[in-house]
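Next come the chains, spelled out residue by residue.
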Amino acid sequence: MHIPDGFIDLPTSLAFMGISAVGVGVALKGAKSELSDKTAPLAGLATVFIFAAQMINFPVAAGTSGHLLGGALAAVLIGPWAATLSITIVLILQALLFADGGLTAIGLNVFNLSLVGVWVSYAMFTVVKKLLPKGKGAIPIAAFIAALVQVPIAASSFVFQYAIGSVATIPVSTVFAAMFSTHVLIGIGEAFITSLTISAVLATRADLVYGYRGQGKQLEIRQMVNRDSI
Amino acid sequence: MKEFLKNKFLLAGILVSIFVAGFLSFYASSSPDGLEKVAEDKGFLDTAQESANSGSVLADYGVAGIDNERLSVGLSGLIGVVVTLVLSLVIFKSLARKK
């Protein structure tokens, strides 16, 4: 879902570039407290994996494909601040190196995928995780739902931009109906890739999963400390 | 970069990414993605403009001058993996250090 140049007029594109720049600036600060020497390489790996996975367009309906956006995957694996930066790095490299997504549209794309995509996913993940019984099994389920929801919301975010500054005159409601229904389907693919990837990481190195922090070994240690103090 | 050779998990992750971008990418669906399809169906695809760098060496995930499609896509994916890894490690490591 990389917006090319021309769909959205220049003033709107520039305004979103400003908003996105502020958002990424805040994320740079947030990521400082989130990252450590141990997790920084993992954030790099997550970014590389999302770049690679985005090259795989999967068919969703007749003549339509979709690919991973990665917001939910990154948010659960490395935390929302680093995830915001991760998706932004991918989008900037794709636009600069591969002409995938327009150059003036970078702000629009970062807004939809790095800001809206990541933070909607993270909020959804947090809420669903709280509703589920504690444990490892809850993480891929919560991530599945976060990923599922993320895609049509990011698509709606594009429609929001379209409503503000579309160059075409097709009615917003028409574009919204088509974007939303198509991206519900793509969201199913996103959900499966996200939860399978997170399950694989949980099975090998659960200690590295941000969304599982404080629920694994750390919790056991805390209980032992309590017992000693009694 | 050294940690990616020492740490099994990181190494495995990079190898998977190289496999996906360098090999599996050739088999990706070539149908338009959701946004492009909607733009086409609803009639606003023609408002899209060529990116200013659409003539770049790696434009559209291929290496200019390499005619073999499999090699062209795979190599562009591989270059993407390396550039993404280097850039993201520089950024994330410097953020982790600055505390």
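Up top is the structure.
Reading guide: rules and limits
Residues numbered from 1 in each chain as written. Chains lettered and ligands numbered in written order. Predicted model: local features only at pLDDT ≥ 70, side-chain atom pairs only at ≥ 80, totals over all residues. Heavy atoms only, no water. Helix = DSSP H or I, 4+ residues; strand = E, 2+ residues; numbered from the N terminus. Rg over C-alpha atoms; globule rule 2.2 N^0.38 Å. Contact = heavy atoms within 4.5 Å. Buried < 20%, exposed > 50% of the residue type's maximum accessible area, 1.4 Å probe, protein only. Areas by Shrake-Rupley, 256 points an atom, 1.4 Å probe, with all protein chains shown as cover. Lys, Arg positive; Asp, Glu negative; His and termini not counted. Charge placed at Lys NZ, Arg CZ, Asp CG, Glu CD. Core = buried A, V, L, I, M, F, W, Y, C linked by side-chain atoms within 4.5 Å. Phe/Tyr/Trp six-rings, centres within 6.5 Å; stacked < 30°, edge-to-face > 60°. Expected span 1.5 Å × (residues − 1). Arc of directions from axis to C-beta.

Chemist: Just checking my understanding: could you explain the overall build of chain A for this structure?
Modeler: Tallying secondary structure elements over chain A gives eight helices and two strands in all. For chain A, the sequential pattern of α-helices and β-strands runs α-α-β-β-α-α-α-α-α-α. The globule rule puts the C-alpha radius of gyration for 230 residues at 17 Å, and the 19 Å found for chain A is close to it. Principal-axis analysis of the C-alpha atoms places the extent of chain A at approximately 70 × 35 × 25 Å. Relative to all contacts within chain A whose residues are 6 or more apart in sequence, the contacts with residues 24 or more apart total 77%.

Chemist: I would appreciate a short explanation of the overall build of chain B in the present structure.
Modeler: Check the secondary structure of chain B and you find four helices and zero strands. Listing the helices and strands of chain B from first to last along the sequence gives α-α-α-α. At 18 Å, chain B has a C-alpha radius of gyration far larger than the 13 Å of a compact globule built from 99 residues. Taken over the C-alpha atoms alone, chain B extends approximately 50 × 35 × 25 Å along its principal axes. Each of the 99 residues in chain B was classed as buried or not, and the buried ones make up 42%. Accessible surface computed for chain B: about 5,600 Å², of which carbon and sulfur atoms make up 62%. Averaging the positions of the 10 positive and the 10 negative side-chain charges in chain B gives two centres separated by 24 Å.

Chemist: Mind showing me how you'd approach the nonpolar core here?
Modeler: Where a protein is soluble and globular, its nonpolar side chains tend to be buried together. A:F158, A:M179 and B:F44 are the most contacted members of the largest nonpolar core, which has 96 residues in total. With residues up to four places along the chain from it excluded, the contact list for A:F158 reads A:I3, A:F7, A:I8, A:N112, A:V175, A:M179, B:L35 and B:F44.

Chemist: Sorry if this is basic, but what is going on with the environment of B:L89 here?
Modeler: By secondary structure assignment, the location of B:L89 is in helix α4 (residues 69-97). Separated by 69 residues in the primary sequence, B:L89 and B:V20 have C-alpha atoms spaced 20 Å apart.

Chemist: How should the packing of aromatic side chains be read in this particular structure?
Modeler: Any pair of aromatic rings gets described here by the distance separating the centres and the angle formed by the planes. Residue and element names in this part refer to chain A. The full count for this structure, using the stated rule, is 15 aromatic pairs over all chains. Ring geometry for F51 and F98: centres 5.6 Å apart, planes at 35 degrees, overall tilted. Residue F51 is found in helix α2 (residues 40-54), and its partner F98 is found in helix α4 (residues 80-98); the two are separated by 47 residues along the sequence. Between W119 and Y122, the ring centres sit 6.1 Å apart and the planes meet at 80 degrees, which makes this aromatic pair edge-to-face. Of the two residues, W119 and Y122 are both situated in helix α5 (residues 106-131); the distance of three residues between them amounts to about one turn of the helix. A relative accessible area of 30% means that W119 is categorised as partly exposed.

Chemist: Can you walk me through helix α2 (residues 8-22) of chain B in this structure?
Modeler: Owing to its 3.6 residues per turn, the α-helix brings residues three or four apart onto one side. The end-to-end C-alpha distance of α2(B), which contains 15 residues, comes to 20 Å, matching closely the 21 Å that a straight helix rising 1.5 Å per residue would cover. Among the residues of α2(B), those classed as buried are B:F9, B:L10, B:G13, B:I14, B:S17, B:V20 and B:A21. Down the axis of α2(B), the buried set is contained in an arc of 130 degrees. They therefore lie on one face. Tucked into the core, α2(B) has its buried residues touching α2 and α7 (172-205) of chain A together with α1 (3-6) and α4 of chain B.

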